[in-house]
Amino acid sequence: MGFGTYEMEGKEAYNAVRWALEAGYRHIDSAEWYYNEAECGRAIRDFCAATGTPREAIFFTTKLMSNNGYAAAKTALRTSLKKSGFDYIDLYLIHSPIGGPQRRADSWRAAMEGKAEGLVRSIGVSNYGVRHLQEMVDADVELPALNQIDLHPFMTRKDIVDFCQKHDIALEAWAPLVRGLRFRHPKIVQLSKKYNKGPAQILLRYSLQKGYIPLPKSASKARIESNIQVYDFELTHAEIIELDALDEYLVTDWDPTNSP
């Protein structure tokens, strides 16, 4: 499980990442677009210094904001590296497919070169639909290690999930808690009562059992700590199927997966 930092800036981002690391998270998700790469990087470095934790034990992700051409992507990657204060980035993602086929290809070429140069360890994409991933297959280029998308029981995205699984592309859920929009759904409430767990914990358990990497985010120390307490129970296979059936194509923020 990772920790998301969307819509957090400044001291709030720094504190949240420190609390997450202290609670046991070891995967921190940032982005150029979040304007918090510096704070995330500083929180990770300070935590490592205070606890003797090696940098290699923390997995740091950031993302390219816009597909503005090859040169711009190369510059953006190095800027993100400098802001974070690290020698390398663990995972670098293309934040969206917006911009068209050529711009996507240019960004991906820059990401592949960044990996070859040792600036990043792994590369992937975010918010890519089947058509965008198929472009990459057809171009016979290195495929992304991961696709980070809006993924939860109310947005199951079976087409994208099936395609990614077929091509060994890991799936990461950037809104596994559905932004709180369905915490009172009868099925979620029922499972919460059965397992004596909160709605967030039920949704995170679902994501983990589906084989996804959930990225819960919170600025609350208590919720950050409770969100990771999901390894002491397990949903049944039937319950996972019931949750899958709740799909309503609920967009929790944005949905560029059908961008041309």
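Every value quoted in this text rests on a predicted model; they were computed, and no experiment measured them.

Chemist: Would you mind going over the packing of aromatic side chains with me for this structure?
Modeler: Any aromatic ring pair is given by two values, namely how distant the centres are and how the planes are angled relative to each other. As enumerated under the stated definition, the model contains five aromatic pairs in all. Measuring from centroid to centroid gives 5.5 Å for phenylalanine 3 and tyrosine 25, while their planes differ by 65°, and the two rings are edge-to-face. Of this pair, phenylalanine 3 sits in strand 1 (residues 3-4) while tyrosine 25 sits in the loop between helix 1 (10-23) and strand 2 (27-29), placing them 22 residues apart in sequence. This pair shows no difference in class: phenylalanine 3 is buried, exactly as tyrosine 25 is. On the numbers, 5.3 Å between centres and 65° between planes, the contact of phenylalanine 60 with phenylalanine 86 is edge-to-face. Of the two residues, phenylalanine 60 sits in strand 3 (residues 59-64) while phenylalanine 86 sits in the loop between helix 3 (70-84) and strand 4 (89-94), which places them 26 residues apart along the sequence. Each member of the pair phenylalanine 60 and phenylalanine 86 is classed as buried. Over the aromatic face of phenylalanine 86 sits the side chain of arginine 55, whose NZ or CZ is 4.3 Å from the ring centroid. Over the ring of tyrosine 70 we find arginine 109; its NZ or CZ atom is 3.7 Å from the centre of that ring.

Chemist: Please explain the layout of surface pockets as it appears in this structure.
Modeler: Any empty space left between the atoms is revealed when a probe the size of a water molecule rolls over them. Empty space within the largest pocket amounts to approximately 630 Å³. Those elements giving two or more residues to the lining of the largest pocket turn out to be helix 8 (199-209) and helix 9 (221-227). Across the lining of the largest pocket, the residue classes break down as 14 nonpolar, twelve polar and six charged. Taken as a whole, the second largest pocket encloses approximately 170 Å³ of empty space. Forming the walls of the second largest pocket are Pro101, Arg104, Ala105, Trp108, Arg109, Met112, Tyr128, His132, Glu135, Met136, Ala139 and Val141. For the lining of the second largest pocket, the secondary structure elements donating two or more residues are helix 4 (101-116) and helix 5 (130-139).

Chemist: Where do I start with the packing of helix 7 (residues 186-195) against helix 8 in this structure?
Modeler: Helix-helix packing: each pair is described by the crossing angle between the helix axes and the interaxial distance. For the pair helix 7 and helix 8, interaxial distance at closest approach is 9 Å and the crossing angle is 95°. Taken together, helix 7 and helix 8 sit at an angle that is classed as roughly perpendicular. Facing helix 7, whose interface residues are Ile188, Leu191, Ser192 and Tyr195, helix 8 presents Pro199, Ile202 and Leu203. Class assignment for the residues of the contact of helix 7 with helix 8 results in six nonpolar, one polar and no charged.

Chemist: It is not clear to me how the nonpolar core should be interpreted in this structure. Could you clarify?
Modeler: Proteins that are soluble and globular tend to have nonpolar side chains buried together. Counting 67 residues, the largest nonpolar core has Phe3, Val17, Ile28, Ile44, Tyr92, Leu133 and Leu235 as the members making the most contacts within it. If one sorts the elements of this core by residue count, helix 1 sits on top with six residues.

Chemist: What's the story with the pairing of strand 7 (residues 170-173) in this structure? I'm lost.
Modeler: Where a strand is regular, its side chains alternate between the two sheet faces. The pairing of strand 6 (residues 146-149) with strand 7 spans four bridges and is classified as parallel. Within the sheet, the bridge partner assigned to isoleucine 149 lies in strand 7 and is alanine 173. Once the chain exits strand 6 it traverses helix 6 (residues 158-166) before rejoining the sheet at strand 7, and the crossover so formed is right-handed. Where strand 7 meets strand 8 (residues 213-214), two bridges bridge the pair, whose relative direction is parallel. In the sheet register, glutamate 172 faces strand 8, and the bridge partner there is isoleucine 213.

Chemist: Would you mind showing me how to read empty space enclosed by the protein here?
Modeler: Taken as a whole, this structure holds one cavity of 30 Å³ or more when the rule is applied. Lining the largest cavity, in full, are Lys74, Leu77, Arg78, Ala110, Gly114, Glu117 and Leu119. The set of elements that each furnish at least two residues to the lining of the largest cavity consists of helix 3 and helix 4. The leading source of residues in the lining of the largest cavity is helix 3, at three residues. Each residue belonging to the lining of the largest cavity can be placed in one class, and the counts come to three nonpolar, one polar and three charged.

Cut-offs and rules
- Residues numbered from 1 in each chain as written.
- Predicted model: local features only at pLDDT ≥ 70, side-chain atom pairs only at ≥ 80, totals over all residues.
- Heavy atoms only, no water.
- Phe/Tyr/Trp six-rings, centres within 6.5 Å; stacked < 30°, edge-to-face > 60°.
- Helix = DSSP H or I, 4+ residues; strand = E, 2+ residues; numbered from the N terminus.
- Buried < 20%, exposed > 50% of the residue type's maximum accessible area, 1.4 Å probe, protein only.
- Lys NZ or Arg CZ within 6 Å of the ring centre and 35° of its normal.
- 1 Å grid on protein atoms, 1.4 Å probe; cavity = no way out; pocket = protein on both sides within 12 Å on 5 of 7 lines; lining within 4 Å.
- Points joined across faces, edges and corners; volume = space filled by probe spheres on them.
- Nonpolar A, V, L, I, M, F, W, Y, C, P; charged D, E, K, R; others polar.
- Axes fitted to C-alpha atoms, helices over the stretch in contact; angles between N-to-C directions.
- Parallel < 35°, antiparallel > 145°, perpendicular 65-115°, else oblique.
- Contact = heavy atoms within 4.5 Å.
- Core = buried A, V, L, I, M, F, W, Y, C linked by side-chain atoms within 4.5 Å.
- Pairing = 2+ DSSP bridges.
- Right-handed = clockwise from strand over helix to strand, strands pointing away.

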